[in-house]
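Descriptive structure summary
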Amino acid sequence: MSDYVGDLMASVKAKNPAEPEFHQAVLEVAESLALVLDKHPEYRKAKVLERIIEPERVIMFRVPWMDDQGNVHVNRGFRIEMNSAIGPYKGGLRFHPSVNLGILKFLAFEQVFKNSLTTLPMGGGKGGSDFDPKGKSDEEVMRFCQSFMTELCRHIGPNSDVPAGDIGVGGREIGFMFGQYKKIKNEFTGVLTGKGLNWGGSLIRPEATGYGAVYFAANMLGTRNESLDGKVCLVSGSGNVAQYTTEKVLDLGGKCVTFSDSGGFIHDPDGVDRDKLAFVMDLKNVRRGRIKEYTEKYPNATYTAVDPSLDHNPLWDIKADCAFPSATQNEINGKDAENLLKNGVYVVSEGANMPSTPDAVDKYIDAKILYGPGKAANAGGVAVSGLEMSQNSMRYSWSREEVDNKLRDIMKNIHDACVGAADKYGTPGNYVNGANIAGFLKVADAMMDQGVV
Ligand code: NDP
């Protein structure tokens, strides 16, 4: 670690104690950017990185709501408005009991670089709550969303901050929040993305993150004149990103053999075909059940429950070619990465945000596999959110093919920007450096133009 990065990290840790995920995200970016800052002292003089690390605004609020039995609950709501140098704050809302300030700051920080990579005019933000939608009735979720939006609506707007979904926030939650925003503000605008198709949503938005992660993998394979055809793929999670990753892998001739949730994972050596995927979509999106049920319906598959005593996740210890981590942060540790490499995996395309620990990332880089970090590989979701904003502004909607073609082009451009920046700064093939540097430069130049604000 250079002196500059060491000093920077000491200050970040002192100012932001007990936020390990935020420290992790900043360190990874700072290490990549050391290459740029050496060549561009003007950025260092203007303290551009130091300013990007400090959120422009952090909003924290009480979210009281009543359950079906009349009991009152109190959750905490957040919105991190991280950086608006290149456009309105943009980034998802996460509802999960693990949510805290540090996790949302890491996600908002990553979002700044990701949104810049999409080439669309979007700044970075993130938000959410420690509310757990699992096991709640639709009415309870609605009351929570209404209470959350009653406060959040003071801070967002179609030209200032445009939230979307993330873990625990899908079409149902976006609908409830949009309804409440509209009622309070008396305006119909594109203040949220991920909306329903008949009230301002974009075609391909639900599919975009998963499809994009697969397009990114296909682009990486293209650099070796290979394709996804015939490839065996490991997928974690079973939510939005995991489902559409599996669908696009099927479209491109590959075979996904796993799904997981917080209870455990299923392994289906025959592969998840379209009927099985439809079963999982119904299980997770409609019945809101557990992935374990997959093995009751398809007895050839096995279920392995999470074992907290293990130092690794056996999902990543299955023979395969590609891995698409699509659940949550730090779900692949150093031991898991060793297992992936040992089992023949040479493509990792991250649908989730920061799913690999720094130790795991070092192992991928040392092994020179095709590793697409989340801020590049999963940028398709926010890219189509950006396209949803454009369609809302025009009061017009593009066809499925138009949006999918734009998504495919954006993922190719992001891929090529990462390759170009990694080459230019002397680390060819390193998509981590490529993504961090390419994402940073656009934001940094905008901040230089706009003065010390
Ligand atoms: P969903 O809520 O639809 O699905 C999340 C999945 O991950 C579920 O299967 C969930 O299982 C599992 N999961 C979540 N947290 C944990 C945990 N702590 N331990 C184990 N499993 C967990 O979310 P998404 O599919 O939208 O998001 C998945 C990842 O993709 C996240 O990292 C998110 O930030 C990232 N992402 C999402 C985008 C989007 O457009 N939706 C855009 C870019 C990135 P369970 O239900 O049991 O909790």
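Before reading further, recall that the structure is shown in the block above.
Residues numbered from 1 in each chain as written. Predicted model: local features only at pLDDT ≥ 70, side-chain atom pairs only at ≥ 80, totals over all residues. Heavy atoms only, no water.

1. Thoughts on the packing of helix H2 (residues 20-39) against helix H17 (residues 431-450)
Note the following rule: Only C-alpha atoms enter the line fits that serve as axes; for helices the fit covers just the stretch in contact. Angles between N-to-C directions range over 0 to 180 degrees. Numbering goes from the N terminus for both helices and strands, where a helix is a DSSP run of H or I of at least four residues and a strand is a run of E of at least two. These descriptions rest on fixed angle ranges, namely under 35 degrees for roughly parallel, over 145 for roughly antiparallel, 65 to 115 for roughly perpendicular, and the rest for oblique. A clockwise turn of the near helix away from the far one marks a right-handed crossing, whereas an anticlockwise turn of less than a right angle marks a left-handed crossing. By definition, residues are in contact when any of their heavy atoms lie within 4.5 Å. Ten residue types, Ala, Val, Leu, Ile, Met, Phe, Trp, Tyr, Cys and Pro, are classed as nonpolar, four, Asp, Glu, Lys and Arg, as charged, and the remainder, Gly among them, as polar.
As a packed pair, H2 and H17 sit with axes 9 Å apart at the nearest point and diverge in direction by 70 degrees. The angle between the axes of H2 and H17 places the two elements in the roughly perpendicular class. For the pair H2 and H17, the sense of crossing is right-handed. Contact with H2, carried on its side by Glu28, Val29, Ser32, Leu33, Leu35, Val36 and Leu37, involves Val432, Asn433, Asn436, Ile437, Phe440 and Leu441 of H17 and no other residues of that element. The residue makeup of the contact of H2 with H17, split by class, is 9 nonpolar, 3 polar and 1 charged.

2. Quick word on the pairing of strand S8 (residues 258-261)
This is how it is decided: Burial status follows relative accessibility: with a 1.4 Å probe on protein chains alone, a residue under 20% of its type maximum counts as buried, one over 50% as exposed, and anything between as partly exposed. For two strands to be treated as a pair, DSSP must find at least two bridges joining them.
Burial along S8 is two-sided: the face carrying Thr258 and Ser260 and the face carrying Phe259 and Asp261 are both buried. Direction of pairing for S8 relative to strand S9 (residues 264-267): antiparallel, over a ladder of 4 bridges. What sits directly across from Asp261, in S9, is Gly264. In this structure, the hairpin formed by S8 and S9 is closed by a connection of 2 residues.

3. Overview of the site of the ligand
Rules: Any residue with a heavy atom positioned within 4 Å of a molecule or strand is treated as near that molecule or strand. What qualifies as a polar contact is a pair of N or O atoms within 3.5 Å, subject to a donor-acceptor requirement within protein and to the restriction that residues adjacent in sequence count only when both atoms come from side chains. In these tables, accessible area is a Shrake-Rupley quantity obtained with a 1.4 Å probe, and a residue counts as shielded only by the protein chains included in the view. An automatic or database domain assignment provides the domain bounds reported here.
Around the ligand, 24 residues are found, and the nearest of them are Asp166, Thr209, Ser262, Arg290 and Asn353. Contacts to the ligand include Ser262, whose side-chain N or O atom sits 2.5 Å from an oxygen atom. Bound to the protein, the ligand loses 84% of the 890 Å² it would expose on its own. When contributions to the shell around the ligand are tallied by element, the ones reaching two or more residues are helix H8 (205-222), helix H9 (240-251) and S8. Of the residues in the shell around the ligand, the class split is 4 nonpolar, 14 polar and 6 charged. When residues of the shell around the ligand are sorted by domain, at least three fall in each of domain 1 (3-189) and domain 2 (208-372).

4. Observations concerning the pattern of salt bridges
We count it as follows: Think of a salt bridge as a Lys or Arg side-chain nitrogen and an Asp or Glu carboxyl oxygen that are within 4 Å of each other.
Here the structure, examined in full by the defined rule, presents 29 salt bridges. Among the ionic pairs, Asp38 bridges to Arg44, the shortest N-O distance being 3.3 Å. The class for Arg44 is partly exposed, based on a relative accessible area of 30%. Between Arg408 and Asp404 there is a salt bridge; the shortest N-O distance is 3.3 Å. Within this pair, Arg408 and its partner Asp404 are both found in helix H16 (residues 400-424), separated by 4 residues, close to a single helical turn. When salt bridges with common partners are traced through the structure, they connect Glu28, Glu110 and Lys375 into a single cluster.

5. Thoughts on helix H15 (residues 380-394)
Here is the rule we go by: To estimate the expected span of a helix, count its residues, drop one, and scale the result by 1.5 Å.
The end-to-end C-alpha distance of H15, which contains 15 residues, comes to 21 Å, matching closely the 21 Å that a straight helix rising 1.5 Å per residue would cover. Counting buried positions over the 15 residues of H15 gives 12, a clear majority of the element. Inspection of H15 places Gly380, Gly381, Val382, Ala383, Val384, Ser385, Gly386, Leu387, Glu388, Met389, Gln391 and Asn392 among the buried residues, and these make up the whole buried set. The elements touched by buried residues of H15 are strand S3 (89-95), helix H5 (101-117), strand S5 (161-164), H8 and H16. Looking at the residues trailing H15, positive phi occurs at Arg395, about 50 degrees.

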